[in-house]
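As a plain string of letters, each chain reads:
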Amino acid sequence: MTKRLFPTFLIWIHACSVTAIGQSVSQRGIPLERPQNLNNNSRFGWSVATHGDVAAVGDWNQGAVYLYGRRNETWRQWEMLTPDNTRRALRFGHSLDVHGGTLLVGALEGRNEGAVYVYDAGPDGWIQVQRLTPSERASLFGVSVALHDDTAVIGSREGALIFERHDGEWSESQTLALVGDASGVAVAITQEFVFVGSEEENAGNGAVYVYRRSDDGWVEDGTLSAQDGAAGDQFGASVTAFG
């Protein structure tokens, strides 16, 4: 994992070949209460996202997302979400992100297709309000998702797509196309920046593409790579940013 400080935020980038940084610190966490409907083939915990006192846990094999809330320092399960069209939404919960009262759930539908389901929090729980798909073919659309306020970035094999919310409706606004053997396997977003991780870049060395918000949309702002990178490191396999 590689850490780089920018002026206003902190970004963590995962490289598969790195196992530790500096001094190791071990602290046992408290596991979340497991849902009672899990079976032996469950993938509970495949994807996780949290914001404030809300946590979402995906289980793509069950086709469900479990929502937890923290009250009095204790996490309790609130509800289980499944898509309206359960026959089509295979691997529902493959990717997740939550911000404020909005939740994004990625689902890989079919061999190369995908969709992202949008849920909004209401007085009676979380309600599916929209299903996002790309305007043009984007294989593995929804393999990764990231959300900040009214902007969402959604990964695909060809790159990343930007969706924006206006008057409660989400619509596609821009494609961040990558070239060569790059792919948008991992995405992250802050108020000012978007990061697109491409673990297959440069014979598996990996790279992270950085985009900055501007008046004309998102513009390229550089590329991150590991100084000691080697083939197979898969730098950028996962990315998260804060700030």
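Anyway, here's the lowdown on the structure attached to this text.

Definitions and limits used
- Residues numbered from 1 in each chain as written.
- Predicted model: local features only at pLDDT ≥ 70, side-chain atom pairs only at ≥ 80, totals over all residues.
- Heavy atoms only, no water.
- Helix = DSSP H or I, 4+ residues; strand = E, 2+ residues; numbered from the N terminus.
- Polar contact = N/O pair within 3.5 Å; in protein donor to acceptor, adjacent residues only side chain to side chain.
- Contact = heavy atoms within 4.5 Å.
- Phe/Tyr/Trp six-rings, centres within 6.5 Å; stacked < 30°, edge-to-face > 60°.
- Buried < 20%, exposed > 50% of the residue type's maximum accessible area, 1.4 Å probe, protein only.
- Lys NZ or Arg CZ within 6 Å of the ring centre and 35° of its normal.

## What about unusual backbone geometry?
Item 1. Located in the positive-phi region is Glu73, a residue other than glycine, with phi close to 65°.
Item 2. With respect to the helices and strands, the residue Glu73 is situated in the loop between strand S5 (64–71) and strand S6 (74–81).
Item 3. With phi around 55°, Asp149 is a residue other than glycine that occupies positive phi space.
Item 4. Looking at where Asp149 falls in the secondary structure, it is placed in the loop between strand S11 (145–148) and strand S12 (151–155).

## Here we look at the side chain of Thr102
Item 1. With respect to the secondary-structure elements, Thr102 resides in strand S8 (residues 102–109).
Item 2. One polar contact links Thr102 to Asp120, side chain to side chain, over a distance of 3.2 Å.
Item 3. Those residues in contact with Thr102 that sit more than four places away from it in its chain are Asp97, Val118, Tyr119, Asp120, Trp126, Leu147, Arg165 and Trp170.

## As for the packing of aromatic side chains
Item 1. The tally for this structure, following the rule as stated, stands at six aromatic pairs.
Item 2. For the pair Phe92 and Tyr117, a centre-to-centre distance of 5.5 Å together with 75° between the ring planes defines the contact as edge-to-face. Here Phe92, found in the loop between S6 and strand S7 (95–99), pairs with Tyr117, found in strand S9 (residues 113–122); they are 25 residues apart in sequence, far enough to count as distant. Pair check on accessibility: Phe92 and Tyr117 agree, each one buried.
Item 3. Relative to Tyr119, the ring of Phe92 has its centre 6.5 Å away and its plane inclined at 70°; by these criteria the two rings are edge-to-face. Residue Phe92 is located in the loop between S6 and S7, and its partner Tyr119 is located in strand S9; the two are separated by 27 residues in the primary sequence. For the pair shown, Phe92 and Tyr119 are each scored as buried.
Item 4. Put simply, the rings of Phe92, Tyr117 and Tyr119 pair up and form one aromatic cluster.
Item 5. Of note, Arg91 hangs over the ring of Trp46, and the distance from its end group to the ring centre comes to 5.9 Å.

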